[in-house]
Amino acid sequence: MMPPTRLAGTLIPAMAFLSCLRPESWDPCVEVVPNITYQCMDLNLHKIPDNIPSSTKDLDMSFNPLRNLGSRSFSNFPELQVLDLSRCEIQIIEDDAYQGLNHLSILILTGNPIQRLFPGAFSGLSSLQTLVVVETNIASLEDFPIGHLKTLKELNVAHNLIHSFKLPEYFSNMPNLEYLDLSNNKIQNIYHKDLQVLHQKPLLNLSLDLSLNPLDFIQPGAFQEIKLHELTLRSNFNSTDVMKASIQGLAGLQIHQLVLGEFKNERNLERFDKSILEGLCNLIIEKFRIAYFDTFSEDAIDSFNCLANVSTISLVHLYFNGLKQLPKNLGWQRLELVNCEFEQFPTWKLDSLKELVFSANEVGNTFTQVKLESLEFLDLSRNDFSFKSCCSERDLGTTRLKHLDLSFNNIITISSNFLGLEQLEYLDFQHSSLKQVSDFSVFLPLKNLRYLDISYTHTQVAFHGIFNGLISLQILKMAGNSFQDNFLPNIFMELTNLTILDLSDCQLEQVSQVAFNSLPKLQLLNMSHNHLLSFDTLPYEPLHSLQTLDCSFNRIVASKEQELRHFPSNLSSLNLTRNDFACVCEHQSFLQWVKDQRQLLVEVEQMVCAKPLDMQGMPMLNFRNATCQVRKTIITVSVFTVLLVSLVVVLVYKFYFHLMLLAGCKKYSRGESTYDAFVIYSSQDEDWVRNELVKNLEEGVPPFQLCLHYRDFIPGVAIAANIIQEGFHKSRKVIVVVSQHFIQSRWCIFEYEIAQTWQFLSSRAGIIFIVLQKLEKSLLRQQVELYRLLNRNTYLEWEDSVLGRHIFWRRLRKALLDGKPRSPEGMADAEGSRGRVTSA
């Protein structure tokens, strides 16, 4: 037994080392884009981990206890462009904390209880464009040390403790400022002096959000002759009188868009008074938006008199009770009615209106004919309308229409072929139920149409001339429909300008050899989610401009060699994933073609075999052509010879690998091992091996060299020979990754059995078991020896949590270090790492 003094002498240094092993010293962050983007959220970090490269441009350090930011806290990362420090318990930011971040454009400090900002807290941010300091206890903009940020475009100080609206003088040094969010602060009054900086040096593109501030008073003339891009006042007033007086206080303001109203969950006003908007007569407004008021009744018609010269009106979440007409001589050019409630479809007369958006409203299910002669843009989507007769000038009351959206409605019966609507350029019917669309050439007059969407309209294409007349069409979407006999004929004869075609989810089983003969300009073709059985490239040969072809999620088994010769020359992206590929020798040419076209195929690693069963789920790239070399031999020998040969074969097969191992142990017993460990795993677990095991062991400190079949096996050598010679003989240890896929794989069980023999012959305790997932005992008992070994021996169990990962990698490294010869380089690296950890 070890003496107590000696035991203490051993444990104390070890405990001291472990106490210094903080998260910053290992690899806790998620690498989203190598060397560019890293996510280190909620990892209990006190600084940026040492392993984050200096080339990082996007770094998320949110939800870590950083607490104080000292001088040059981020100077090791000069390329940073986006830095998220949300909810990092930051209380103090010292001078020059961000010094050296000359390329930083976005800084997020949301949710930090900042108590002190040094005068030079934000110095060095010469390229900053967006600063978000929401919920940071800011009480005043005047004391906020950002006056030198001349490139700033967006400043968000919402949800703070700001009582005064006074805009600081340093705003005159920010000519690029476009957005200032002061919502949900404590501002009650706005005086003329608060806007003095805007009177002296206007910021014409400034958008200002004051929502959720308890406004009581706006001094008349405070906004006189001020120009703003946008002003938002929502849920600011506790009475209609205060709102009316405040709007009158905006007199003289020139604004591109004014937004008034309330939020769904922040309703202060019980009713809408028609006098509220009277003060708008003293403003110059281009666009006006109002949201979440309960009732617009008949007597509220005069409310719009002051908005007669506005170009765009947007009314959202309002209830119109009996509002049957609007004031005359309104100059509105665009009207948006979204999520509103009407007693009936409005038939307002608006002679100047060019664009009408009437979407997602409650108004019954029958569309009423309108007469808007100047209308060019009409959006009637998401209203659950039924159209008994569509579509012509008589139905829509205009001949100037260029944009028509009838998507997400009910039944639409096409009874006329768009007479009087010949100027249409955009037409959308998606997710509405079309009737009679395939009975005749309904689109024949639409020679100017460029965009057509009839996706998921329950259309069965039977008439080959359905798209006749669409000579200018560039985009056609018809996903989710069907064709007669699930066969795609040539229905695109006149679509010579088509560039994008979506035929996904149409239950197609066959494609005509001439289906695409008339589409020389087609660049993108989506044939995914159909029932195609073969990848015949002949129909695609005429598509000389085709760049992207998607045939994923079909039932493609293979393609014949002669079919692969007819291929579009400009194709740069081909998606064949999620198909029923048969990895058999009969399709050897196709399997070889897949290997040769890796650059062309999208996610080629995800192309897996569906047949035969023993190869199901295996990547097609792993298929070996050598398995298809069949030798034809005529057996003329006697039965005795056959029996003898069979006996020899059986004996050799049974003892061959053991003999190879025995010979190899003698040959390599005195030599040094090339690898630290040979990894046995199922191909189904390859993602975990690549992304977790290889990354953490080979890129860690000290690094371990692993033997992996896909990387280290010698091409042209038999698999079994590679396993024994490259895997076992040249490795000190064997790592067995046990999972349900492993137990069900014959190759994995074979390798495991050889590993047992290797361990016995080499007299090494070298097998390390890693259980990747919880295993059913009934499944595990099928491999009796493995079941016994796992019950008798200590094994590692993978747990995907911060603490679980830390313990797992520490135990695994300790197991791999056992018996590993120490090299000067390894010791130097280890010492360097230990030094960095200690300094952290």
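Up top you'll find the structure we're talking about.
Residues numbered from 1 in each chain as written. Predicted model: local features only at pLDDT ≥ 70, side-chain atom pairs only at ≥ 80, totals over all residues. Heavy atoms only, no water.

Draft legend 1. Spatial organisation of the overall build of the protein. Of the regular secondary structure elements, the protein holds 15 helices and 44 strands. Expressed as a percentage of the 840 residues in the protein, the buried residues total 48%. In the protein, the proportion of contacts linking residues at least 24 apart, taken out of those at least 6 apart, comes to 61%. Looking at the protein as shown, the accessible area adds up to about 41200 Å², and 49% of this sits on carbon and sulfur atoms. (Helix = DSSP H or I, 4+ residues; strand = E, 2+ residues; numbered from the N terminus. Buried < 20%, exposed > 50% of the residue type's maximum accessible area, 1.4 Å probe, protein only. Contact = heavy atoms within 4.5 Å. Areas by Shrake-Rupley, 256 points an atom, 1.4 Å probe, with all protein chains shown as cover.)

Draft legend 2. Representation of the environment of Leu80. With respect to the secondary-structure elements, Leu80 resides in the loop between strand S4 (68-69) and strand S5 (82-84). For Leu80, a relative accessible area of 0% gives the class buried. With 23 residues separating them along the chain, Leu80 and His103 place their C-alpha atoms 6.1 Å apart. Sequence-distant contacts of Leu80, that is, excluding residues within four places in its chain, are made with Thr56, Lys57, Asp58, Leu59, Leu101, His103 and Leu104.

Draft legend 3. Main features of a nonpolar patch on the surface. Taken together, the side chains of Val30, Val32 and Val33 make up a nonpolar region of the molecular surface, amounting to roughly 220 Å² of accessible area. In this structure, Val33 sits in strand S1 (residues 30-33). Exposure remark for Val33: the relative accessible area of 37% places this residue in the partly exposed category. (Patch = residues over 30% accessible without salt bridge, like charges linked within 9 Å, V, L, I, M, F, W, Y side chains within 5 Å. Salt bridge = Lys/Arg side-chain N within 4 Å of Asp/Glu carboxyl O.)

Draft legend 4. Quick peek at the environment of Ile313. For Ile313, the location among the structural elements is in strand S18 (residues 312-321). Along the sequence, Ile313 and Glu286 sit 27 residues apart, while their C-alpha atoms lie 8.9 Å from each other. Setting aside chain neighbours within four positions, we find Ile313 in contact with Phe288, Leu307, Trp332, Arg334, Leu335 and Glu336.

Draft legend 5. Here's a closer look at the packing of aromatic side chains. Under the defined criterion, the tally for this structure stands at 29 aromatic pairs. A centroid spacing of 5.8 Å and a plane angle of 65° characterise the contact between Phe345 and Phe385, whose relative ring orientation is edge-to-face. With Phe345 in the loop between strand S20 (341-342) and strand S21 (355-359) and Phe385 in the loop between strand S22 (377-379) and strand S23 (387-390), this residue pair connects regions lying 40 residues apart in the sequence. In this pair, the class of Phe345 matches that of Phe385, namely buried. An aromatic cluster is built from Phe418, Phe429, Phe443, Phe467, Phe492, Phe516, Phe535, Tyr540, Phe581, Phe590 and Trp593, whose rings are joined through pairwise contacts. Over the ring of Tyr191 we find Lys193, and its NZ or CZ is 5.9 Å from the ring centre. The residue whose ring lies beneath Arg234 is Phe263, and the NZ or CZ to ring-centre distance is 4.2 Å. (Phe/Tyr/Trp six-rings, centres within 6.5 Å; stacked < 30°, edge-to-face > 60°. Lys NZ or Arg CZ within 6 Å of the ring centre and 35° of its normal.)

Draft legend 6. Seen up close, the packing of helix H7 (residues 686-698) against helix H14 (residues 802-817). Following both chains from N to C, one finds H7 and H14 inclined at 65°, their axes separated by 11 Å at the closest point. Two packed elements cross with a definite hand, and for H7 against H14 that hand is right-handed. Listed contacts from H14 to Trp688, Glu692, Leu693, Asn696 and Leu697 of H7 are Arg805, Phe808, Trp809, Leu812, Arg813 and Leu816. (Axes fitted to C-alpha atoms, helices over the stretch in contact; angles between N-to-C directions. Left-handed = near helix turned anticlockwise from the far one by under 90°.)

Draft legend 7. Looking closely at the sheet that holds strand S27 (residues 433-435). Spatially, 3 strands are ordered S23-S25-S27 in an open sheet, and the strand pairing comes out parallel. If you trace the sheet from one side to the other, it starts and ends with S23 and S27, each paired once. In this sheet, neighbouring strand axes are inclined to one another by 30° on average, regardless of whether the strands run parallel or antiparallel. Bridging between strand S25 (residues 411-414) and S27 involves 3 bridges; their strand directions are parallel. Bridging from a neighbouring strand, Ile411 pairs with Ser433 of S27. (Pairing = 2+ DSSP bridges.)

Draft legend 8. Highlighting helix H5 (residues 588-596). Along H5, the positions that sit buried rather than exposed are Phe590, Leu591, Trp593, Val594 and Lys595. For H5, the secondary structure elements touched by its buried residues are strand S37 (573-575) and strand S38 (581-582).

Draft legend 9. Layout of the sheet that holds strand S8 (residues 116-117). Reading across from one edge, S4-S6-S8 is the order of the 3 strands in this open sheet, with parallel pairing throughout. For this open sheet the edge positions go to S4 and S8, each flanked by a neighbour on one side alone. Direction of pairing for strand S6 (residues 92-93) relative to S8: parallel, over a ladder of 2 bridges. Considered in S8, the bridge of Ile92 is made with Arg116.

Draft legend 10. Up close: the pattern of salt bridges. Counted by the stated rule, this structure contains 16 salt bridges. Arg450 is the partner of Glu425 in a salt bridge, and the nearest nitrogen-oxygen pair spans 3.9 Å. Taken together, the residues Glu425 in the loop between S25 and strand S26 (426-428) and Arg450 in the loop between S27 and strand S28 (451-453) connect sequence positions 25 residues apart. Under the relative-accessibility criterion, Glu425 is labelled partly exposed at 32%. Salt bridges here are not isolated pairs; linked through shared partners, they connect Arg334, Glu336 and Glu355.

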